Amino acid sequence: NLPIQANRGIIYDRNGVVLATNLTTTSLILIPSQITDKELVASKLAPILGVSKTEILKHINKRVAMERVHPEGRRLDYKIADQISSLNLKGVYLVKEAKRDYPFDERLAHVLGYVGIDNQGLSGIELQYDYYLSGEQGAIKYYADAFGNRLNLSELYEQPQDGINIMLTIDYRIQEAIERELDNIMVHFNADQAMAIVMDPNNGEILGMGSRPTFSANNYQKYATEVINRNLPIWATFEPGSTFKIVTFAAAIEEKKVDIFKDTFHDSGSRVVENARIRCWKHGGHGTQTFLQVLENSCNPGFVELGQRLGKELLFKYFDLLGFGQKTGIDLNGE
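About the criteria used
Residues numbered from 1 in each chain as written. Predicted model: local features only at pLDDT ≥ 70, side-chain atom pairs only at ≥ 80, totals over all residues. Heavy atoms only, no water. Axes fitted to C-alpha atoms, helices over the stretch in contact; angles between N-to-C directions. Helix = DSSP H or I, 4+ residues; strand = E, 2+ residues; numbered from the N terminus. Parallel < 35°, antiparallel > 145°, perpendicular 65-115°, else oblique. Contact = heavy atoms within 4.5 Å. Nonpolar A, V, L, I, M, F, W, Y, C, P; charged D, E, K, R; others polar. 1 Å grid on protein atoms, 1.4 Å probe; cavity = no way out; pocket = protein on both sides within 12 Å on 5 of 7 lines; lining within 4 Å. Points joined across faces, edges and corners; volume = space filled by probe spheres on them. Pairing = 2+ DSSP bridges.

A few points about the packing of helix H10 (residues 245-254) against helix H12 (residues 300-321)
Part 1: Close contact between H10 and H12 brings their axes to 8 Å; oriented N to C, the two are set at 75 degrees. Classed by the angle they form, the pair H10 and H12 counts as roughly perpendicular. Across from Lys245, Val247, Thr248, Phe249, Ala251, Ala252 and Glu254 in H10, the residues of H12 making contact are Asn300, Phe303, Leu306, Gly307, Leu310, Leu315, Tyr318 and Phe319.
Part 2: When grouped by side-chain class, the residues that make up the contact of H10 with H12 number ten nonpolar, three polar and two charged.

Okay, structure coming up:
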């Protein structure tokens, strides 16, 4: 069997924009038992592939039924493939091989992931849905005798079965905006890292996701492991800060610990908790305000008051009820 690689399934955004596709390339396969003049074949192939004659002889002299010339014979450009084909050497075969291509390269790289030399998914969507994307390999089958010599009988062609296409919830128009702003943030703040997620709050669909540093999905081998394998919005943990105040506020309302319209709170500018002084962002505080104004003003001491009214146990109960500290189950690796 001379293997013919299947095309991986195409990955689209929600509007049909192609995010990952395939390029057709050619790879070199040797059948050592059919090569009678090994020195001649090695001397012909070596300069075309840009390697030493000794390296090619290592492949030719292997005691195997079929030798895939790796890495120098993989994914050859058409000029090199044509040169090899024109030699018409016995036991030397060129077979179709698909190469993954990411049209937008560094954009959405962590979400899409990347594939290995054998087109196997190694990260991101490519890994998560590899079973569906990979398809089934085909072959050109020919008859040979017990010594591997090819017989003059008709070949059989077994067509490869391409992988299944996948459509994501990603909207590439939103993704473009994310990528642009992440670049701006990195330059403006001279940042080490940056991340962004756009989600539909009605159903949890991820419309866009990106992080910096990023990498080229077409050339992932050139990057450090910690860059290509860390999708920061999923992998990293960080303190949510004032965005978490809505949880405390909602819990206090649910437990009837506050009437946000009638109850008032005097903000002097800080509040002491367990010997730690929690300050308001506004110097001197906001003075007397309703708890609705505490929320509007994002007043730290006011939220300390709400947290103390709830107590630790009730507060943590709502953290658990709202799913904090649990995995989201997003279909990407590394959470």
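From this point, things continue past the structure.
Some points on empty space enclosed by the protein
Part 1: Applying the stated criterion to the full structure yields two cavities of 30 Å³ or more.
Part 2: In this structure, the largest cavity spans a volume of roughly 60 Å³.
Part 3: Contributing to the lining of the largest cavity are His110, Ser123, Gly124, Ile228, Asn229, Arg230, Asn231, Leu332, Asn333 and Gly334.
Part 4: In the lining of the largest cavity, the residues fall into two nonpolar, seven polar and one charged.
Part 5: In this structure, the second largest cavity spans a volume of roughly 50 Å³.

Points about the sheet that holds strand E1 (residues 2-4)
Part 1: The strand order across the open sheet formed by three strands is E1-E6-E7, and the pairing between neighbours is antiparallel. Both outer strands of the open sheet, E1 and strand E7 (156-158), are each paired with one neighbouring strand and no more. With strand direction ignored, the average angle separating the axes of adjacent strands in the sheet is 15 degrees.
Part 2: With three bridges connecting them, E1 and strand E6 (residues 138-141) associate as antiparallel partners. Paired with Ile4 across the strands is Gly138, a residue of E6.

Read these as layout, nothing more, since geometry by itself doesn't imply function.
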